[in-house]
Number of protein chains: 2
Amino acid sequence: MQAEQKTPAAWDELLERLGEVADLRGAGALAHWDQATLLPSGAAQGRGHMLGTLSKLAHEKFIDERLATLLGECADFAEENLAEGDDFPQQLLATTRREYDRATRVPSEFEARFAAHSALIYSVWEEARSESNFQKVAPLLEKTLDLSRELAGFFPHDHIADPLIDMSDTGETVQSIRAVFAPLREQLVPLVREVASRPVASSAPLHGDFSMDAQKDFAVEAVKAIGYDWTRGRMDFSAHPFMTKFAPDDVRITVRGDEEFGELFFSALHEAGHALYEQNIARRFGRTPLDSGTSSGVHESQSRLWENLVGRSNSFWNYWFPRAQAQFPSLRDFTQSEFVAAINVVKRSLTRTESDELTYNLHVLIRFDLELEMLEGKLAIQDLPAAWNARYESDLGLTPPDDARGCLQDVHWFSGTIGGAFQGYTLGNILAAQLFESAQDALGDLDSQFARGQYSPLREWLTQNVHRYGAGLLPRELVVQATGRSLELTPYLNYLRHKFAA
Amino acid sequence: MQAEQKTPAAWDELLERLGEVADLRGAGALAHWDQATLLPSGAAQGRGHMLGTLSKLAHEKFIDERLATLLGECADFAEENLAEGDDFPQQLLATTRREYDRATRVPSEFEARFAAHSALIYSVWEEARSESNFQKVAPLLEKTLDLSRELAGFFPHDHIADPLIDMSDTGETVQSIRAVFAPLREQLVPLVREVASRPVASSAPLHGDFSMDAQKDFAVEAVKAIGYDWTRGRMDFSAHPFMTKFAPDDVRITVRGDEEFGELFFSALHEAGHALYEQNIARRFGRTPLDSGTSSGVHESQSRLWENLVGRSNSFWNYWFPRAQAQFPSLRDFTQSEFVAAINVVKRSLTRTESDELTYNLHVLIRFDLELEMLEGKLAIQDLPAAWNARYESDLGLTPPDDARGCLQDVHWFSGTIGGAFQGYTLGNILAAQLFESAQDALGDLDSQFARGQYSPLREWLTQNVHRYGAGLLPRELVVQATGRSLELTPYLNYLRHKFAA
């Protein structure tokens, strides 16, 4: 009889410390969520203090040297468990070491400087954008560029943008992303041109009597149907939709919308896609750094898959269109195909967040290329508006009438680093198609399942191949394990051509 | 020209540390509030971890020895400021020292034991109460009694209950409270008997078409009228109404109700009374231990004053009854005096939380006396149900048919200590009348102000004499400063006799 294996004290202490960090981060996420959904108008100052303290204490607790000691002391325990077939301790050590290394390479002094600068530029950007006055924020944006380079400089790198990319898409580099994005752009620009040259379907089905309450009820049903666990979540309204996690059993989504059908419903599906990922991570990963999606790109693959590949498909609406007609009488004047055409209209536009599924990536590629040029020192901040506009002309055939609708439109450069924040959107779109193809290979005719309102085979396949691993597998490991291949463009281009050029 | 006085580094560090403790407590309060109002049904476990970590870290941060050092180093600075007429540093040091002393006398080992026991007995009590099975929880209640004695034993005391009372009503003792409660009981029992012997007014006006939404709208208006600042607060529903504070600019209230008029409206006024106190503490006290009401009794004086002395007065309804009739058509069948009689019905009952303004204190006095007897070892836990029932018979003329409606009804003994939790309710009722009398002396005819919907003179008098001091004055100092006298029974008895025996 084998003696019962005793868990070493170092392992218990490690879990306890990581658990407290997770609790503090969860409390910070709750404070953010409350701020975005319910906070009284006059309560910003106190909430700022609360968020600052929670973030500071979580950081201090995580970079404690004791944690490094514990990681070392647990190495043998992890090896033993791995030998016995349990890779949880090994994965936890690897992921925690990587996060710890990231957190300790950056001096607290820099963090403070960067946080102060971010708060400042954000408020100036809000004014600059409302006045469409790029010059107002340009000097601060130059400082953001300097700080972004300084931050990257704390890490070894080939390209100055690599460390910034690695922070949200671990393992990706400028080189690996360019290898996918360059051919994507080559194919996408002519495809968009071709599709956009055809007559545009009418959006009339989306303009009817769509009260927010009724739309919310309808979205709740759909989100429930795809498998979001309402006993461990909620849906509320906020100015910008998001998904957030306070604990494994509390993963919330927010939506926004108006009296036109579409934004509320698809933001709900999108955020529910993120939430399915977080809700279905292995429960034993709770209160550790493994209890999170593994990268920005993989996360976005989940949201886009449910929003677009499922939610904008004709087969999905075989089931839901009659229900929508029952709920929204104005839809009875339209056929399903008119409705599906309306939610899939392709129209070149100036604004990323309002763009359709096909043109969306062009917006991302423009931003990704320009931020690399800025980081490389090839594009001066002063020349950003002109470079932005030139790319919109060449890739989308449109010229922004002002910088508010041009290079001032996105918050990313004006609240964080230049570099690292955009690539995940398009990586996610590409990966969504590759995962969907593999799921289809494994599960047979998904369309006929969707037409019957059945989503559990797909969702369970995703849980089995993506969700449950949390941050335990690197993005590239995950993609190979789930699809048998590295990330590739073909499934996505096939999907786009089939859907939009057919 | 006087040299600019430099703030010593110790003072800055003290404020920073106290600020972080306040932020952590605020985050804990937010996590509690969210749990009581919005938490998904399956999210209790994760929330438990979050609450536990926030409370542990706030405690650890507060009892840090560095805080004691800083308190010492700031003594001269506080003296100098006091000499120049600013008593803020002095008050902050005194209040923080008192809290620090309390927090450090109790060993962490005891805190953990007590927390674990409280969680256990609470869940067993829920079952025991639903089954009306006192024996089920009796052994655990014996342990609560032992732990309550042990906790009191960490502090010097005359009576074993004194330290427990002092925790929520600083400066009060068994002796000081008995000096007020004994004569109160002597007067109250016959007064209740007298009032209860008369015909009871009809409660028909309260049974009409009172939708929760319409009641909430009406309560929002009234709470706004008495001065609750909606830009720094919200009102939501919860199973038990409460007021909570996350920061000086975020003080929220919750209410509950049903389709009968009364509970929702008066719980809103009650909690808004608590909230007015917290919203109007001097802003410079923010993020320090001074940013809180000074005691349970003084807090309750504020809630009861607005709920009862204002909200159940005839003059209040001179203004609001026509508005209520406009909002709730069924009220048009009744006169104002019928309505005011209905919201002031005196009826002896078995349940504290459902009792009227007059009999309420009898419920409190019973609990206060019984918990002293238990702590003194004069009443065994096994004999509690019989002793409870005997007191209900002698004081209220009613016999509980079972322990669920008897000694199992309140959560207090089954989630915290035996001792210290009840006296504040009645101290608050007594003080409310004394403060109201003083306000009336200063402000003239309050009734005619209420009849015109004017509450700002009263509210401003309370802010000036009570709210703004936060925890900076001890309860007894506050009472003397505000009313010129120590706490006394006469105003309260006069008020009750005038209202109910007239």
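## Quick word on the sheet that holds strand β1 (residues 235-237) of chain A
Residue and element names in this part refer to chain A.
(1) Moving on: One open sheet holds the 3 strands; their spatial order is β1-β3-β2, and the pairing between them is mixed. The two strands at the open ends of the sheet, each matched to only one other strand, are β1 and β2 (243-247). Going from strand to strand, the sheet's axes swing by 30° on average, the running direction of each strand aside.
(2) Moving on: With 4 bridges connecting them, β2 and strand β3 (residues 250-255) associate as antiparallel partners.

## Re the pairing of β2 of chain A
(1) Moving on: Across the 5 residues of β2 of chain A, 5 count as buried, placing the element largely inside the fold.
(2) Moving on: Hairpin remark: β2 of chain A followed by β3 of chain A, antiparallel, with 2 residues in the connecting loop.

## Some details on the confidence of the model for chain A
(1) Moving on: Residues with a pLDDT of 70 or more make up 99% of chain A, whose mean pLDDT is 96.
(2) Moving on: Across the assembled chains, the prediction reports ipTM 0.94 with pTM 0.95.

## Points about the relation of the copies chain A and chain B
Here two copies of a chain appear, and what relates them is a rotation about an axis with a shift along it.
(1) Moving on: Of the transformation placing chain A onto chain B, the axial shift is 0.1 Å and the rotation is 179°, giving an RMSD of 0.1 Å. Considering both components of the superposition, the chain copies are consistent with a two-fold axis. Residue Ala 27 of chain A, judged by its C-alpha, is the member of chain A lying nearest the rotation axis, at 3.4 Å.
(2) Moving on: A shared interface surface links the copies, since 97% of the contact residues of chain A are contact residues in chain B too.

## Quick word on the packing of helix α17 (residues 423-443) of chain A against helix α20 (residues 475-483) of chain A
All names here are of chain A.
(1) Moving on: The contact between α17 and α20 brings their axes to 9 Å, and the two run at 30°. In terms of their interaxial angle, α17 and α20 are classed as roughly parallel. Here α17 contributes Leu 431, Gln 434, Leu 435 and Ser 438 to the contact with α20, which in turn contributes Val 479, Ala 482 and Thr 483.
(2) Moving on: Partitioned by chemical class, the residues of the contact of α17 with α20 number 4 nonpolar, 3 polar and no charged.

## Examining the pairing of β3 of chain A
All names here are of chain A.
(1) Moving on: With respect to burial, β3 is a largely interior element, 6 of its 6 residues being buried.
(2) Moving on: Where burial is concerned, the two faces of β3 agree: the one with Asp 250, Arg 252 and Thr 254 and the one with Val 251, Ile 253 and Val 255 are both buried.
(3) Moving on: Where β1 meets β3, 3 bridges bridge the pair, whose relative direction is parallel. Looking across to β3, one finds that Met 235 is bridged to Ile 253.

## Let's talk about the sheet that holds strand β3 (residues 250-255) of chain B
All names here are of chain B.
(1) Moving on: Across the sheet, 3 strands lie side by side as β1-β3-β2; this open sheet has mixed pairing. Two strands in the sheet have a free side with no partner beyond their single neighbour: β1 (235-237) and β2 (243-247). Put simply, the sheet's adjacent strands are angled 30° from each other on average, direction ignored.

## Points about the interface of chain A and chain B
(1) Moving on: In this complex, chain A contributes 33 residues to the contact, which on the side of chain B involves 32 residues.
(2) Moving on: Contributing elements (two or more residues each) for the side of chain A that touches chain B: α1 (9-37), α2 (44-63) and β2 of chain A.
(3) Moving on: Ranked by residues supplied to the side of chain A that touches chain B, first place goes to α1 of chain A with 9 residues.
(4) Moving on: Grouping the constituent residues of the side of chain A that touches chain B by class yields 14 nonpolar, 10 polar and 9 charged.

## Notes on helix α19 (residues 456-465) of chain B
Residues and elements named next belong to chain B.
(1) Moving on: Inspection of α19 places Leu 458, Arg 459, Trp 461 and Leu 462 among the buried residues, and these make up the whole buried set. For α19, the angular spread of buried residues about the axis comes to 160°, placing them on one side.
(2) Moving on: The inward-facing, buried residues of α19 abut α10 (212-226), α11 (263-279), α12 (296-310), α17 (423-443) and α18 (446-451).

## Points about the environment of Phe 155 of chain B
All names here are of chain B.
(1) Moving on: Residue placement: Phe 155 occurs in the loop between α7 (134-153) and α8 (162-168).
(2) Moving on: Residues Phe 155 and Thr 254 lie 99 residues apart in sequence; the distance between their C-alpha atoms is 35 Å.
(3) Moving on: Those residues in contact with Phe 155 that lie beyond four places of it in its chain are Arg 105 and Pro 163.

## A look at α12 of chain B
All names here are of chain B.
(1) Moving on: A rise of 1.5 Å per residue sets the reference length of α12, with its 15 residues, at 21 Å; its end C-alpha atoms lie 20 Å apart and thus fit the reference within 8%.
(2) Moving on: The sharpest bend along α12 reaches about 35° and sits at Arg 304.
(3) Moving on: Counted residue by residue, α12 has 15 buried out of 15 residues, so it is predominantly covered.

## Structural notes on the environment of Phe 316 of chain B
Residue and element names in this part refer to chain B.
(1) Moving on: Tracing the backbone through its elements, the reader meets Phe 316 in helix α13 (residues 314-327).
(2) Moving on: Put simply, Phe 316 and Leu 446 are 130 residues apart on the chain and 9.7 Å apart in space, counted from C-alpha to C-alpha.
(3) Moving on: With sequence-adjacent residues up to four places away left out, Phe 316 is seen in contact with Val 310, Gly 311 and Phe 450.

The rules behind these values
Residues numbered from 1 in each chain as written. Chains lettered and ligands numbered in written order. Predicted model: local features only at pLDDT ≥ 70, side-chain atom pairs only at ≥ 80, totals over all residues. Pairing = 2+ DSSP bridges. Helix = DSSP H or I, 4+ residues; strand = E, 2+ residues; numbered from the N terminus. Axes fitted to C-alpha atoms, helices over the stretch in contact; angles between N-to-C directions. Buried ≥ 20, exposed ≤ 12 C-beta atoms within 10 Å, placed from the backbone. pLDDT = per-residue confidence, 0-100. Least-squares fit on C-alpha atoms with pLDDT ≥ 70 in both. Contact = placed C-beta atoms within 7 Å. Parallel < 35°, antiparallel > 145°, perpendicular 65-115°, else oblique. Nonpolar A, V, L, I, M, F, W, Y, C, P; charged D, E, K, R; others polar. Arc of directions from axis to C-beta. Expected span 1.5 Å × (residues − 1). Bend = angle between axes of the 7 residues up to and from the residue.

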